[in-house]
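# Results of the structural survey
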Amino acid sequence: MSKTSPDLENENRFAMSVDVEDYFQVWAFSDIVQHSQWDDFSLRVGDTTRRCLDLFDAHNAKATFFTLGWVAERDPALVQEIVKRGHELASHGYNHTKVDQQTKSEFLADVKKTKSLLEDIGGVEVKGYRAAGFSISANTPWAHEALAEAGHLYSSSTHPIAHDHYGDKGADRNIYYPLRDARFIEAPVATAQIAGKRVSAAGGGWFRAAPLNVSKYLLARAARTLDGPVIFYFHPWEIDPDQPRMHQAKLKSKLRHYLNLNRMQQKLAAVLSMHRWSRLDDTLGLGIKP
């Protein structure tokens, strides 16, 4: 018998999310671009994120925008536009540092700082958090407690697959409550089970690499087997094929980052047409009630 709650057994099942970071801030380039160098780059994230907003408008879709505090400080108008256009504003941390590269006290300070910053700029409560590189795992048992202490209501910081940069193939695929005495939610991004193997159905590089029909199949299979929302994600830089190239990056990083950027927007449009896409807080039953 399905454990899905009645509120999730409706058309409000598919959750769209965007990790608002620029092309030079990605984890794959962190070995060649230091945080101290970020201000040396011209920002493209404002224009690319607004293209995402226009794409969602064209398909009557809503989304959650997990936004870096660093980006919000430099483009507060972008944060305000996300809110004005009816989307959820959420936190991606301040400067894309993985959770497992911080102590608990460092992480808590970063979470509180970013939440306060986003709320001051956006004028709304920031309920959600997504860790850089899906880096909440068994190695960070204090992370959910810190997020709850800071006032977050949920996290979408796990990608339960096998991967060399992130993921835990044994982690729960469904939403769960990681804290014994709190209703704090962890909401993993979407996966599908194929021939006994767990496969990502969540977007990002996996989505760019796969043929569209394969991605459609994986999303449909995830919807049939997950006890909760089907959470998809991507980054604004993925619809920016003209972004400057990081020629000094490792070959593997370049192959992953630049693969099929010229096809991403068209593929997203196709997926947006397939389902009704909602904000993550709404699919989790955390939205504003009438």
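See above for the structure.
Overview of the structure. (Residues numbered from 1 in each chain as written. Predicted model: local features only at pLDDT ≥ 70, side-chain atom pairs only at ≥ 80, totals over all residues. Heavy atoms only, no water.)

A few words on the packing of aromatic side chains. All told, the structure shown has 15 aromatic pairs when counted by the stated rule. Three or more aromatic residues joined by ring pairs make a cluster, and in this case those are Tyr23, Phe24, Trp38, Phe41 and Trp70. Here the guanidinium or amino end of Arg183 rests over the ring plane of Tyr177, the centre of that ring lying 4.1 Å away. (Phe/Tyr/Trp six-rings, centres within 6.5 Å; stacked < 30°, edge-to-face > 60°. Lys NZ or Arg CZ within 6 Å of the ring centre and 35° of its normal.)

It is worth spelling out the packing of helix α1 (residues 45-58) against helix α9 (residues 261-272) at this point. Following both chains from N to C, one finds α1 and α9 inclined at 35°, their axes separated by 10 Å at the closest point. Of the two elements, α1 crosses α9, and the hand of that crossing is right-handed. Facing Arg51, Leu55 and Phe56 of α1, the residues of α9 in contact are Gln265, Leu268, Ala269 and Leu272. Residues belonging to the contact of α1 with α9 are distributed by class as follows: five nonpolar, one polar and one charged. (Axes fitted to C-alpha atoms, helices over the stretch in contact; angles between N-to-C directions. Helix = DSSP H or I, 4+ residues; strand = E, 2+ residues; numbered from the N terminus. Left-handed = near helix turned anticlockwise from the far one by under 90°. Contact = heavy atoms within 4.5 Å. Nonpolar A, V, L, I, M, F, W, Y, C, P; charged D, E, K, R; others polar.)

The next subject is empty space enclosed by the protein. In total, this model carries one cavity of 30 Å³ or more according to the counting rule given. In this structure, the largest cavity occupies an estimated 40 Å³ of space. As for the largest cavity, its lining consists of Arg173, Asn174, Ile175, Pro188, Val189, Ala190, Leu226, Asp227, Gly228 and Pro229. For the lining of the largest cavity, the per-class residue count stands at six nonpolar, two polar and two charged. (1 Å grid on protein atoms, 1.4 Å probe; cavity = no way out; pocket = protein on both sides within 12 Å on 5 of 7 lines; lining within 4 Å. Points joined across faces, edges and corners; volume = space filled by probe spheres on them.)

Attention now moves to unusual backbone geometry. Even without being glycine, Asn60 reaches a positive phi, approximately 55°. If you trace the backbone, Asn60 turns up in the loop between α1 and β2 (63-67). Of note in this structure, Ala195 is not a glycine but carries a positive phi near 50°.

For the structure shown, the criterion picks out 17 salt bridges. In this structure, Arg50 and Glu81 form a salt bridge, with 2.9 Å as the shortest nitrogen-oxygen distance. Placement of the pair is Arg50 in helix α1 and Glu81 in helix α3 (residues 76-84), with a sequence separation of 31 residues. Of the charged contacts, one joins Arg85 and Glu81 as a salt bridge, the two residues approaching to 2.6 Å between their closest N and O atoms. (Salt bridge = Lys/Arg side-chain N within 4 Å of Asp/Glu carboxyl O.)

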